[in-house]
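Here is what each chain is made of, one letter per residue.
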Amino acid sequence: MASSANGQDFDAVIVGAGFAGMYMLHKLRQAGLSARVFEAGDGVGGTWYWNRYPGARCDVESLEYQYGFSDEIQKGWTWSERYSAQPEILRYQNYVADKLDLKRDIQFSTRVTSATYDEPNALWTITTDKGNTVHARFCIMATGCLSAARVPDFEGIDDFTGDWYHTGDWPHEGVDFTGKRVGVIGTGSSGVQSIPLIAAQAKHVTVFQRTANFTLPACNRPLDPAVAAASKQTLLEDRKHALTTAGGIICFEYNERLAEDFTEAEVEAEMKARWEAGGFAFLGAFGDVMLTKSANDKAADFARREMRKHIKKPEVVDLLLPNDHPIGVKRLCLDTDYLETFNAPHVELVNARATPVSRISADGIVCGDKEYKVDAIVFATGFDAMTGAILGVNITGRKGEKLKDKWAAGPRTYLGLGSAGFPNLFFITGPGSPSVLSNMIVSIEQHVDWITDCLSRLTKGNLRVIEVKPDAEDTWVAHVNELAATTLYPQANSWYMGANIPGKPQVFMPYPGGVGVYGEKLAEVANADYDGFALGA
Ligand code: FAD
Ligand code: NAP
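In this report, we go over the structure that sits alongside the text. Here the residue index of a chain counts from 1 through its sequence in written order. Going through the entries in the order they are written, you letter the chains from A and number the ligands from 1. Local features are withheld for residues below a pLDDT of 70 in this predicted model, meaning they are given only at 70 or higher, and side-chain atom pairs are given and counted only at 80 or more; totals for whole chains, interfaces and linings count all residues. The side-chain values count all of the structure's non-hydrogen atoms but skip hydrogen atoms and water molecules.

**Section: the sheet that holds strand E7 (residues 163-166)**
For the record, the criterion: Any two strands with at least two DSSP-identified bridges between them are counted as paired. Strands are runs of DSSP state E lasting at least 2 residues, helices are runs of H or I lasting at least 4, and numbering of each runs from the N terminus. Angles shown run from 0 to 180 degrees and are taken between the N-to-C directions of axes, each axis being a line fitted to C-alpha atoms and, for helices, limited to the stretch in contact.
Across the sheet, 5 strands lie side by side as E7-E16-E8-E9-E12; this open sheet has parallel pairing. The open sheet terminates on both sides in strands that have one partner only, identified here as E7 and strand E12 (347-351). When strand polarity is set aside, the average angle formed by the axes of neighbouring strands in this sheet is 20°.

Written out as structure tokens, the structure is:
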């Protein structure tokens, strides 16, 4: 690798080769910039490379959960299901990577360990666990919001004599649970998707549930070829539309009318139609579901009534129905036969709220004084979301400041894109942007396009450095917090709030104002020559 006169190896280093890192690489190449991607996995795909558990599939419809930047790419791919399964999504990502010849600039099986800003040279020095040290003007974190898989630090795990797995780091060769007693800890989206399939195979399944979640019918089905074909004619236009919406999704609309503007019969009819259609449409039944408790209660009551219809074992009904948080404030789950799974005699539900998992023994899971014997454990226990993977890299900015120290009380960014004191460092779908509250691919493309325009502006203007101004960051952080406080989101112990990680500061991390409004702000900032950023030579 030939370094330039000032020691620069690449214009940019990109960390991660999921949807974000792949598209970022493509755009930088198009802009004439050199880039190297480092990826911990041995292939592209990110989420869809790691999460190979049974039942893993998207819950934003496939016709929208795909790239929207290239007509050729979208026309060359046909999805088979309304919500495609992990192997198909990973095949799609490889298809895109090969079509764009991305892999030659990606160094796989390589984890970035540190990124240090070299102030005199205005370069980032990036080191990896494979012994690389490279220097680049820009460091772009495409590390993912849900990529730092987390196994709770249960005492005794090392003594467990069976096999254990985390859904977010699933063996590539798959796992055969036939004839086994399996313990599953966690009932978020990953648990809800995997438990029915694990139960279809295993001899006995014990599910340890700390919080019952709202789960909506996915109503997954094969995609009608006529619908798939029609979508190819409109995808690029549809994507422009998606960018103006709150969630980056157009297959349903959020009703603007408030719950109180409907009659009881209308409320019921609206919710029923949306519930039966499947997917997240239900949450858009009326405009104030996420804003007022009374509106939310209507939706939550309806959901509980519908969920109850699927549960036949009287002893688990009350346990499976969520009653300690408003609907939607923890990420909703979409399911196929999840609740029905608990009707089977070999599936047992343990109330891990009343009696928490206290430790893992040599041959089981212990709650209080009761041991549940299992041959295998599945941790569907989630991620150190939004900040885990970023802070997994030892990032040092100006004057030796560590990002982890700066974010000790919660992440601080301007627009979710950068943080003051860390010049030329970008986050894709970082905390403070719509990110995990949206169709992530729409938000990824929104960020990557903006970052590319920004870097082109710097390059053309012979400017080497862009840095968030502290006051712009303070104003943005305050704005995100104020907005979150007008919603019901802070009313749950969710990973959006950092509540799933003991000791993690509890602040609402994503921007809840919607993709469309946020996009207008991004455009306004760029049009004002990157207002809120300091640009320097
Ligand atoms: P990722 O796909 O997470 O990729 C990040 C990559 O960075 C990973 O491959 C990781 O190995 C790598 N990396 C991290 N740190 C380092 C390091 N230090 N060095 C080197 N490499 C590193 N979103 C939706 O909108 N719709 C859905 O239906 C949906 N379904 C999901 C299902 C599951 C099971 C999960 C876990 C998430 C889902 N998401 C969904 C969110 C999903 O994460 C995003 O949609 C999207 O895939 C994120 O892409 P990304 O490139 O930003 O991050
Ligand atoms: P998650 O939503 O954080 O769920 C983790 C589960 O583990 C929760 O039920 C949690 O309980 C439980 N848990 C954690 N620590 C525990 C402990 N010490 N003892 C007992 N229970 C414990 O994680 P996830 O299911 O992997 O999903 C994360 C996100 O990824 C989703 O919200 C979604 O955005 C995305 N995802 C999407 C899909 C999809 O359908 N496309 C599938 C999977 C994931 P508490 O709730 O009480 O904390």
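**Looking at the environment of Tyr117**
Rules: Residue burial is assigned from relative accessible area. The probe radius is 1.4 Å, only protein chains are included, and a residue is buried under 20% of its type maximum, exposed over 50%, and partly exposed in between.
Among the secondary structure elements, Tyr117 is positioned in strand E4 (residues 112-118). Since its relative accessible area comes to 7%, Tyr117 is described here as buried. Spatially, the C-alpha atoms of Tyr117 and Ala230 are 49 Å apart, while their sequence positions differ by 113 residues.

**Brief notes about the site of ligand 2**
Stated formally: A single heavy atom is enough: if one lies within 4 Å of a molecule or strand, its residue is considered near that molecule or strand. Identification of polar contacts relies on pairs of N or O atoms within 3.5 Å, with a donor-acceptor requirement for protein atoms, meaning one able to donate a hydrogen and the other able to accept it, and with residues adjacent in sequence counted only if both atoms are side-chain atoms. Surface accessibility in these figures is a Shrake-Rupley result with a 1.4 Å probe; residues are shielded only by whichever protein chains are displayed. For this classification, Asp, Glu, Lys and Arg are treated as charged, while Ala, Val, Leu, Ile, Met, Phe, Trp, Tyr, Cys and Pro are nonpolar and the rest, including Gly, are polar.
Taken together, 23 residues surround ligand 2, and among them Arg57, Ser190, Arg210, Thr211 and Lys330 come closest. At a separation of 3.1 Å, an oxygen atom of ligand 2 approaches a polar side-chain atom of Asp59. For ligand 2, an oxygen atom lies 3.3 Å from a polar atom in the backbone of Ala380. Contact with the protein chains hides 90% of the accessible area of ligand 2, taken as 910 Å² for the molecule alone. The element contributing the most residues to the shell around ligand 2 is helix H5 (residues 189-201), with 3 residues. Classifying every residue of the shell around ligand 2 gives 9 nonpolar, 9 polar and 5 charged.

**Quick notes on the layout of surface pockets**
For the record, the criterion: Buriedness of a pocket was judged along seven lines, with at least five required to meet protein on both sides within 12 Å; pockets are open sets of points on a 1 Å grid over the protein atoms alone, cavities are sets where a 1.4 Å probe fits but cannot get out, and lining residues have an atom within 4 Å of a point. Grid points are joined across faces, edges and corners, and a volume is the space filled by probe spheres set on the points.
Looking at the second largest pocket, its volume works out to about 330 Å³. Its residues placed into classes, the lining of the second largest pocket shows 8 nonpolar, 2 polar and 7 charged.

**Considering the site of ligand 1**
As a structural note, the neighbourhood of ligand 1 is formed by 33 residues, with Glu39, Thr47, Asp59, Tyr65 and Met440 the closest of them. Separating an oxygen atom of ligand 1 from a backbone N or O atom of Phe19 is a distance of 3.1 Å. Here an oxygen atom of ligand 1 and a side-chain polar atom of Glu39 are 2.7 Å apart. In the complex, 95% of the free accessible area of ligand 1, which totals 970 Å², lies under the protein chains. Secondary-structure elements contributing two or more residues to the shell around ligand 1 are helix H1 (19-30), helix H2 (47-50) and helix H13 (440-460).

**Some words on unusual backbone geometry**
Although it is not a glycine, Asp101 sits at a positive phi angle of roughly 50°. Inspection of the secondary structure assignment puts Asp101 in the loop between helix H4 (86-99) and strand E3 (106-107). For Tyr530, which is not glycine, the phi torsion reads 65° and is therefore positive. Within the secondary structure, Tyr530 sits in the loop between helix H15 (515-527) and strand E20 (533-536). On the basis of relative accessibility, which here comes to 5%, the residue Tyr530 falls in the buried class.

**Here's the deal with the nonpolar core**
Across soluble globular proteins, you tend to see nonpolar side chains buried next to one another. Counted only if it meets this: Take the buried Ala, Val, Leu, Ile, Met, Phe, Trp, Tyr and Cys residues and link them wherever side-chain atoms come within 4.5 Å; each set so joined is a nonpolar core. Start and end positions for the domains come from either an automated domain assignment or a database one. Contacts are residue-level and defined by heavy atoms, with any inter-residue pair within 4.5 Å sufficient.
Membership of the largest hydrophobic core comes to 132 residues, with the highest contact counts inside it found for Ile140, Phe177 and Trp450. Tallying contributions element by element places H13 first for this core, with 8 residues. A domain-level breakdown of this core finds at least three residues from each of domain 1 (10-148 + 384-464 + 510-529) and domain 2 (215-349). Excluding anything up to four places from it in sequence, Trp450 contacts Leu417, Phe426, Leu522, Val525, Ala526, Tyr530 and Phe533. Membership of the second largest hydrophobic core comes to 23 residues, among which are Trp124, Ala136, Met141 and Ile390.

Such coordinate-based values are descriptive only and should not be taken to indicate function.
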